[in-house]
Amino acid sequence: MFYRGKFADGGDGREMAAKRQRTVDPGSSFYGTSPGSNFMYNPSPYGYVSQPPPPPPFPVVRLRGLPFDCTETDVAEFFHGLDIVDVLFVHKGGKFTGEGFCVLGYPLQVDFALQRNRQNMGRRYVEVFRSKRQEYYKAIANEVSDARGGSPRRSASRAKSYDEGKDSAEHTGVLRLRGLPFSASKDDIMEFFKDFGLSEDSIHIIMNSEGRPSGEAYVEFGSAEDSKAAMVKDRMTLGSRYIELFPSSHSEMEEAISRGR
């Protein structure tokens, strides 16, 4: 279950809006016009003016010191017991920096997340900091810009050997998807591959040991030729995330599905 309320800075984890600035005229009084004020004042019949409470802050934390092989599932397990809406890993020059952002379900959970500061993930301790919506969305913009900066087969200076490995892999009609938003549904994946006429039965979203989405999925295409053609979608965005695609097999898919049961 993901939080869909409004936060102080106008976002809900997906949408951004202009921040509404609330100011109070320091020269005014609740009981009448202060000396020297040029504004008319109509006092409340009850003798006071109530102000609506400000919305809660956007629930995001920044992580530093992440293992370079960590996954979204590792982050979810690191924050065990908290509601994870999104995990964003930060890259620079095509390489993972060891930093990331984690959007939580509720503002109150930020304090619980901060209690994990300097706790270990594998052999490394991870630092957890308060963050802001603006920092999170700036990181998203940088990731999307980086992903769109090259062709589907990126230049050798970025990851030539990595891409060649994908290109030379045998296709069996199954692709593995990594980096999915935790809120992604089968309909979202069908829309992502809308040119291939997928059905819900051909999409398998992988769950972790707690029964929550792991950020990975397997998709069965009509043929090996279709799955190979679908690789053109590698590192294209679904929502705010870019999705990595890998040639896979039915046996790997079945094993992943059974682990999540």
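The coordinates are above.
Residues numbered from 1 in each chain as written. Predicted model: local features only at pLDDT ≥ 70, side-chain atom pairs only at ≥ 80, totals over all residues. Heavy atoms only, no water.

Val61, Leu63, Phe79 and Cys102 are the most contacted members of the largest nonpolar core, which has 21 residues in total. Among the secondary structure elements, those contributing two or more residues to this core are strand S1 (60-64), helix H1 (72-78), strand S2 (84-92), strand S3 (95-104), helix H2 (109-114) and strand S5 (124-130). Leucine 63 has contacts with Val75, Phe79, Gly98, Glu99, Gly100, Cys102, Val126, Glu127 and Val128, leaving out every residue within four places of it along the chain. Formed by 17 residues, the second largest nonpolar core is a distinct cluster that contains Leu175, Leu177, Ile203 and Met231. (Core = buried A, V, L, I, M, F, W, Y, C linked by side-chain atoms within 4.5 Å. Buried < 20%, exposed > 50% of the residue type's maximum accessible area, 1.4 Å probe, protein only. Helix = DSSP H or I, 4+ residues; strand = E, 2+ residues; numbered from the N terminus. Contact = heavy atoms within 4.5 Å.)

This part covers the sheet that holds S5. Sheet architecture is open: 5 strands sit in the order S2-S3-S1-S5-S4, paired in antiparallel fashion. In the strand order of this sheet, the two ends are held by S2 and strand S4 (119-121), each with one partner. Ignoring which end each strand starts from, the neighbouring axes of this sheet average 35° apart. Relative to S3, S2 runs antiparallel, the two being bridged by 7 bridges. Bridging from a neighbouring strand, histidine 91 pairs with phenylalanine 96 of S3. (Pairing = 2+ DSSP bridges. Axes fitted to C-alpha atoms, helices over the stretch in contact; angles between N-to-C directions.)

Moving on, we come to the sheet that holds strand S7 (residues 203-207). Taken in spatial order, the 4 strands make up an open sheet running S7-S8-S6-S11, and their pairing is antiparallel. Among the strands making up the open sheet, the edge pair consists of S7 and strand S11 (244-247). Taken over all neighbouring pairs, the strand axes of this sheet differ in orientation by 25° on average, direction set aside. Contacting strand S6 (174-178), S7 and strand S8 (213-220), helix H7 (residues 250-259) runs over the sheet at an angle of about 145° to S8.

Moving on to H7. Listed in full, the buried residues belonging to H7 are Met253, Ala256 and Ile257. Each buried residue of H7 lies within a common arc of 100° when the element is viewed along its axis, so the set occupies one face. The exposed set on the far side of H7, more than 90 degrees from its buried face, consists of Ser251 and Arg259. (Arc of directions from axis to C-beta.)

What follows covers the pairing of S7. Sheet topology note: the S7/S8 ladder contains 4 bridges and is antiparallel. If you follow isoleucine 205 over to S8, its bridge partner there is alanine 217. The antiparallel pairing of S7 with S8 creates a hairpin that spans 5 residues between the two strands, and glycine 211 there sits at a positive phi of about 80°.

Here the focus is the pattern of salt bridges. Scanning all chains against the criterion turns up 11 salt bridges. With a closest N to O distance of 2.9 Å, arginine 64 and glutamate 127 form a salt bridge. Here the residue arginine 64 occupies a position in strand S1, and glutamate 127 occupies one in strand S5, the gap between them amounting to 63 residues. For arginine 64, a relative accessible area of 33% puts it in the partly exposed group. (Salt bridge = Lys/Arg side-chain N within 4 Å of Asp/Glu carboxyl O.)

Now for the packing of aromatic side chains. Counted by the stated rule, this structure contains 11 aromatic pairs. Linked through ring pairs, Phe58, Phe101, Tyr136 and Tyr137 together constitute an aromatic cluster. For the cation-ring pair, arginine 176 lies above phenylalanine 246, with the distance from its terminal atom to the ring centre recorded as 4.4 Å. The lysine or arginine in question, lysine 233, covers the ring of phenylalanine 192, its NZ or CZ lying 4.7 Å from the ring centre. (Phe/Tyr/Trp six-rings, centres within 6.5 Å; stacked < 30°, edge-to-face > 60°. Lys NZ or Arg CZ within 6 Å of the ring centre and 35° of its normal.)

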